[in-house]
Each structure stands twice: as structure tokens, then as C-alpha cells.
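Below are the chains, spelled out letter by letter.
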Amino acid sequence: MKKKKRKKKKKQNKLILLNRRLFSVKTKKNSSPKVAVIMGSKSDWPTMKFCTETLKKLQVKFDVKIISAHRTPDRMYAFAKSAEKENYSVIIAGAGGSAHLPGMIASMSTLPVIGVPIESKKLKGLDSLLSIVQMPKGIPVGTVAIGEDGAINAGIMAASIIALENKKVKKNLVLWRNKQTNSVKKKPN
Ligand code: RP5
């Protein structure tokens, strides 16, 4: 009986160790959480710059990168695999024509991924939106509106996620929203 118990305990300890190894991700020391703003092409920048401007206003740290799912697949893989170690808390991915970028990133990282559908020339971004929003179950991508509105909202949403554990960002977010509320006039004229 005692032997059985000891065996059980040993098995449990082994499982605990395995879980610790699986779920502990080493991050860079002394660095505060930041957002990765990635996009498929330089041509996405006129839209995605609204996202970085929003992050700046809310004083959220971020890095910007061009990562294309179809032109730089190795870069995409390396980025997704190391994103957590690089201390990113949220990934914002803007994509137009090759709009599987956010889904591909989400398939390789458990970090929250927000997809921004870029307005494509031919279909006005409807193709990007459907590609990003219609992820099959199991790998979610939080999807925002097409274009500038989506880019801004992606920044605000990323800040909200960071604010869960960061008081400074929380305060900035509350102030920013209050300012927005106060700017709405009671009458149109
Ligand atoms: C995607 O294809 C980008 O996200 C961009 O929206 C679209 C077109 O890219 P370019 O041909 O303008 O570089 O990779």
C-alpha cells in the first residue's frame, strides 16, 4: 500500500515538473510589457501608423516590423516562435492581400493576436476581413474593423490587455476615454 502511494506521489511530482517546463517561458529581464505591431508590407504602413500613434498616446511600448506570410515566411516563423521570449504581451498584425498573416502567427504563439484587415484595392478590404475573422475553432484572432478605425481600435484593445497588469497604462486608458466622452457635444450645432 505504502509503495503504491509513493509511486503515485512520484508520478504526480513528475507531472508537476513537466508542466512547469512546458508553461514557463523565459522572458528578457528588466523589460516591461510591449506590443509587436507587424504588417505584411510597407504599403500597410499608412493604415498601421494609426495604430502606433494610438499606442504612443496611451504610453504603451511597441516595436514595428514588416513580416510577410508569403514573402518572408522564415521571418514570420522566427518572429512568432520568439515573440514571448522577446517580452511581447500582444501582437497586432495588419494584413491585406495575404491576410492569413495574423492566423499564422496565432497558430505559433499563445499570445493574444489582434488582426487588422487592410483595405485592399480590389475588394475594399472585405477579403482581408473575412480571411482574418473567419478563423476555424481552436486558434482565435481578435479581429477589428477594416482600415484606419481597426488600426486605432487594435491599439486601444492592446492597451486594455496590457492595462490588466499595468497601472500606468490603465490610468492612461481611463483618462483617454474620459477625454473622448467629454469631447462629445450635447447638440450638433
Ligand atoms: C499583403 O499583401 C500586405 O499585407 C498588403 O496588404 C498586401 C499587398 O502588398 P504589396 O503588394 O503592396 O506589398 O502582404
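Summary of the structure given here. (Residues numbered from 1 in each chain as written. Predicted model: local features only at pLDDT ≥ 70, side-chain atom pairs only at ≥ 80, totals over all residues.)

**Digging into the packing of helix 6 (residues 148-163) against helix 7 (residues 167-182)**
Think of two packed helices as two axes; the pair is described by the angle between the axes and how far apart they sit. Selection rule: In this analysis an axis means a line fitted to C-alpha atoms, helices contributing only their contacting stretch, and an angle means the value between N-to-C directions, from 0 to 180 degrees. Only runs of H or I of at least four residues qualify as helices and only runs of E of at least two qualify as strands under DSSP, and these elements are numbered from the N terminus. By definition in this entry, angles of less than 35 degrees are roughly parallel, angles greater than 145 are roughly antiparallel, angles of 65 to 115 are roughly perpendicular, and the rest are oblique. A clockwise turn of the near helix away from the far one marks a right-handed crossing, whereas an anticlockwise turn of less than a right angle marks a left-handed crossing. Any residue pair is listed as a contact if its two C-beta atoms, each placed from the backbone, are within 7 Å. Three categories are distinguished: nonpolar for Ala, Val, Leu, Ile, Met, Phe, Trp, Tyr, Cys and Pro, charged for Asp, Glu, Lys and Arg, and polar for the others, with Gly belonging to the last.
Running from amino to carboxyl end, helix 6 crosses helix 7 at an angle of 135°, the nearest separation of the two axes being 8 Å. Regarding the angle of helix 6 to helix 7, the classification is oblique. In the packing of helix 6 onto helix 7, the handedness of the crossing is left-handed. Residues A159, S160, I162 and A163 of helix 6 lie in contact with helix 7, whose contacting residues are V169, K170 and L173. A breakdown of the residues in the contact of helix 6 with helix 7 according to their chemical character gives five nonpolar, one polar and one charged.

**Examining helix 3 (residues 73-82)**
Inclusion rule: The burial criterion counts other C-beta atoms lying within 10 Å of a residue's C-beta, which is placed from the backbone; the residue is buried at 20 or more, exposed at 12 or fewer, and partly exposed between these limits. Directions from the helix axis toward the C-beta atoms define the arc.
For helix 3, the complete set of buried residues consists of M76, F79 and A80. Looking down the long axis of helix 3, one finds its buried residues gathered within 95° of arc, a one-sided arrangement. Exposed and facing more than 90 degrees away from the buried side of helix 3 are D74, K81 and S82. Each element contacted by the buried residues of helix 3 is listed here: strand 1 (34-39), strand 2 (61-66) and helix 4 (101-108).

**Re the sheet that holds strand 1**
Short version of the rule: Strands are treated as partners if at least two bridges between them are detected by DSSP.
Within the open sheet, the five strands sit side by side as 2-1-3-4-5. Their pairing is parallel. Each edge of the sheet is formed by a strand with only one pairing partner; in this case those strands are strand 2 and strand 5 (142-143). Across six bridges, the pairing between strand 1 and strand 2 is parallel. Among the inter-strand pairings, I38 is bridged to a residue of strand 2, identified as K65. In this fold helix 5 (residues 126-133) packs onto strand 3 (88-95), strand 4 (113-117) and strand 5, with an angle of close to 160° to the strand it touches most, strand 4. Against the sheet, helix 6 makes contact with strand 1, strand 3, strand 4 and strand 5, and its axis sits at roughly 170° relative to strand 3, the strand it touches most.

**Section: the pairing of strand 4**
Cut-off, in case you're wondering: Place the viewer so that the strands point away; then a crossover is right-handed whenever the path from the first strand over the helix to the second strand goes clockwise.
For strand 4, a buried count of five out of five residues is recorded, marking the element as mostly surrounded by other parts of the structure. The pairing of strand 3 with strand 4 spans five bridges and is parallel. The residue of strand 4 that forms the bridge with G94 is V116. Between the parallel pair strand 3 and strand 4, the chain is carried across by helix 4, and the sense of this crossover is right-handed. Each parallel crossover has a hand, and the one from strand 4 via helix 5 to strand 5 is right-handed.

**Some details on helix 4**
Residue pairs three or four apart in sequence face the same way in an α-helix, which turns once every 3.6 residues. Of all eight residues in helix 4, six are buried, a share of seventy percent or more. Along helix 4, the residues that are buried comprise L101, P102, G103, M104, I105 and A106. Where the residues of helix 4 are buried, they touch helix 3, strand 3, strand 4 and helix 5.

**A closer look at unusual backbone geometry**
Unlike most non-glycine residues, N87 shows phi in positive territory, near 75°. Structurally, N87 is set in the loop between helix 3 and strand 3.

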